[in-house]
Amino acid sequence: QLVESGGAQVQPGGSLRLSCAASGDVPLDQRAVGWFRQTPGKGREGVSCIAARSGYTEVAASVQGRFTVSRDNTKGLVYLQMNDLRSEDTGVYFCAAPNIRIAGCRRDEGLYDYWGQGTRVTVSS
């Protein structure tokens, strides 16, 4: 019930912007949204999250200073801007939302009920 887009193959140092939208009746503008990634050889990592309305965000230390999460509730979209991409950022990126309203957000995948199918990001020269 969530749909990610924007994944592509880019060279190291490049940038991408991922988008997340609700495809069904998930009230995305009323929900925190998390971004997760599944990288080769690793488990799912909570990359970033953003609260529904307060502007509160979290970013993993591994992407701090390079990735920025934002949202446009008028459009029902959540974004993950990724700059200075590295080979270790390669993976499948997912957005997710809980089925209840929460204060703030957390990068704990157990919190989230709705998931997208993922969009693939490949960083390679």
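Structure: above.
Quick summary incoming for the structure in this document.

Cut-offs used in this document
Residues numbered from 1 in each chain as written. Predicted model: local features only at pLDDT ≥ 70, side-chain atom pairs only at ≥ 80, totals over all residues. Heavy atoms only, no water. Disulfide = S-S within 2.5 Å. Helix = DSSP H or I, 4+ residues; strand = E, 2+ residues; numbered from the N terminus. Buried < 20%, exposed > 50% of the residue type's maximum accessible area, 1.4 Å probe, protein only. Pairing = 2+ DSSP bridges. Phe/Tyr/Trp six-rings, centres within 6.5 Å; stacked < 30°, edge-to-face > 60°.

Quick notes on the state of the cysteines
Then step 1. For the coordinates displayed, the defined rule picks out two disulfides.
Then step 2. The disulfide bridge from Cys20 ends at Cys95, spanning 2.1 Å between sulfur atoms. Looking along the S-S bond of the Cys20-Cys95 disulfide, the torsion reads about 75 degrees, which is the right-handed sense. Separated by 75 residues along the polypeptide, Cys20 in strand β3 (residues 16-22) and Cys95 in strand β9 (residues 91-97) bring together distant segments of the chain.
Then step 3. Judged by relative accessible area, Cys20 falls into the buried class, the value being 0%.
Then step 4. Given the relative accessible area of 0%, Cys95 is considered buried.

What to know about the pairing of β9
Then step 1. A large share of β9 lies buried, amounting to seven of its seven residues.
Then step 2. Summarising the sheet, strand β4 (residues 33-38) and β9 pair through five bridges and their orientation is antiparallel. Within the sheet, the bridge partner assigned to Arg37 lies in β9 and is Tyr93.
Then step 3. Note that β9 and strand β11 (residues 119-123) share three bridges and pair antiparallel.

Details of the environment of Ala103
Then step 1. Note that Ala103 resides in the loop between β9 and β10 (114-115).
Then step 2. Expressed as a C-alpha distance, the spacing of Ala103 and Gly55, which sit 48 residues apart in the sequence, is 11 Å.

A look at the pairing of strand β7 (residues 67-72)
Then step 1. Of the two faces of β7, the one holding Phe67, Val69 and Arg71 is buried and the one holding Thr68, Ser70 and Asp72 is not buried anywhere.
Then step 2. With six bridges joining them, β7 and strand β8 (residues 77-82) adopt antiparallel strand pairing. In the strand pairing of β8, Asp72 is matched with Leu77.
Then step 3. Connecting β7 to the antiparallel partner β8 that follows it, the hairpin turn spans four residues, and Gly76 within it adopts a positive phi of roughly 70 degrees.

Observations regarding the packing of aromatic side chains
Then step 1. All told, the structure shown has four aromatic pairs when counted by the stated rule.
Then step 2. Considering the side-chain rings of Phe36 and Tyr112, the 5.4 Å spacing of their centres and the 75 degrees angle between planes classify their relative orientation as edge-to-face. Taken as a pair, Phe36 in strand β4 and Tyr112 in the loop between β9 and β10 lie far apart in primary sequence, 76 residues in all. Here Phe36 and Tyr112 have matching classes, each one buried.

Any functional reading would require information that these geometric values do not contain.
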